[in-house]
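What follows is each chain in one-letter form.
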Amino acid sequence: MTGNGTGDAAAERTTGRLLLAAAPIGRPEDASARLRAALAGAEIIAAEDTRRLRRLAADLDVAISARVVSYFDQNERARAAELLDELLAGRDVLVITDAGLPGVSDPGYRLVSAAAAEGVPVTALPGPSAVTTALVVSGLPTDRFCFEGFPPRKPGERSRRLAALAAEPRTMVFFEAPHRLAATLEAMAAEFGADRPAAVCRELTKTYEEIRRGPLGELAGWAAEGVRGEITIVVGGAPEPAGLSDPADLAAAVAGRESAGTPRKQAIAEVAKENGLPKRVVYDAVVAARR
């Protein structure tokens, strides 16, 4: 049999198997029976935080006999190479992060990529994910969506990244740290429009779970008061364009608003929003028309 599928019988394998195990995102009781069994029977466990793994095992009343190693952002590259050696030597490796699925804004991608390249069977133990949980409770369209991870921390880089997403038609899901939430929502309101619908999901599945829905401008004002906990942001996709795309037409639309007393910056933002375009596109059209 050829290929690197995960359906090979254990007797036919000369390598170990890599198992990506989803951990509860809030309540330990959300853990599956398969996760309990996998933790109890694992040979090697690579954990993002070994202390949190031990706490989860205690909550689940699971005795871990595996060799436990740390596997987090700062040591991911070196540790992935070590774990691949273990897999190639025939030992199974279970990867678990603090919450959710490994590889989704958490360590895992490098090891999966390397294992797949070597023909090591890779499979997942499915379970909770903050991405899809936030999406389905947001009240925003779920038929098409994209996950954008954490926005850049630096204001300039963050604004540029968001500007590039201003015309994205799919619902967007982001992670964010609570102390950066207000600044990120303000940047989203500036680039996507203050009226763009969104939802901030805090402490999903936990005791103090909170879902705040509303336009980005309103949510930015709420977050300015300070927010705690794990945060997932869901933002509605760009509305259907009103029809303008020619640079001359865009510049004329801005000029018409300016002549009516609207400041140029605001006029550019309004024309961009109405036509589902990044503000930079409309700005460039205005600059070109003035030459």
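Residues numbered from 1 in each chain as written. Predicted model: local features only at pLDDT ≥ 70, side-chain atom pairs only at ≥ 80, totals over all residues. Heavy atoms only, no water.

Looking only at helices and strands, the chain has 11 helices and 10 strands in total. In terms of its C-alpha atoms, the chain occupies a principal-axis envelope of roughly 75 × 45 × 30 Å. Considering the chain as a whole, with its 291 residues, one finds that 43% of them fall into the buried category. If you take every contact in the chain between residues at least 6 apart in sequence, the share linking residues at least 24 apart comes to 72%. Counting every atom, the chain has about 14,900 Å² of accessible surface; 49% of that belongs to carbon and sulfur. (Helix = DSSP H or I, 4+ residues; strand = E, 2+ residues; numbered from the N terminus. Buried < 20%, exposed > 50% of the residue type's maximum accessible area, 1.4 Å probe, protein only. Contact = heavy atoms within 4.5 Å. Areas by Shrake-Rupley, 256 points an atom, 1.4 Å probe, with all protein chains shown as cover.)

On to helix α8 (residues 216-223). Taken as a whole, α8 has its buried residues at Leu216, Leu219, Ala220, Trp222 and Ala223. One side of α8 carries all its buried residues, which in axial view fall inside an arc of 160 degrees. Elements in contact with the buried residues of α8: α7 (181-192), β8 (197-202), β9 (210-215) and β10 (231-235). (Arc of directions from axis to C-beta.)

The next point concerns the nonpolar core. In terms of nonpolar packing, the biggest core is built from 24 residues, with Leu181, Leu185, Met188, Phe192 and Val235 touching the most fellow members. Of all the secondary structure elements, the ones that give two or more residues to this core are β7 (171-176), α7, β8, α8 and β10. The element best represented in this core is α7, accounting for seven residues. Once residues lying within four places of it in the same chain are set aside, the contact partners of leucine 181 are Glu176, Val200, Trp222, Ala223, Val227, Ile231 and Ile233. In this structure, Ala38, Leu56, Leu60 and Val62 belong to the second largest nonpolar core, which totals 20 residues. (Core = buried A, V, L, I, M, F, W, Y, C linked by side-chain atoms within 4.5 Å.)

Turning to its location among the elements, threonine 232 is positioned in strand β10. In this structure, threonine 232 is in contact with Ala130, Ala134, Val173, Phe174, Phe175, Ala199, Val200, Cys201 and Leu204, ignoring residues within four places of it in sequence.

The next subject is the packing of aromatic side chains. Within the structure shown, the criterion is met by two aromatic pairs. Ring centres of phenylalanine 150 and phenylalanine 175 lie 5.7 Å apart, and the angle between their planes is 65 degrees; on these two criteria the pair is classed as edge-to-face. Residue phenylalanine 150 is found in the loop between β6 (145-149) and α6 (155-164), and its partner phenylalanine 175 is found in strand β7; the two are separated by 25 residues along the sequence. The class for phenylalanine 150 is partly exposed, based on a relative accessible area of 42%. (Phe/Tyr/Trp six-rings, centres within 6.5 Å; stacked < 30°, edge-to-face > 60°.)

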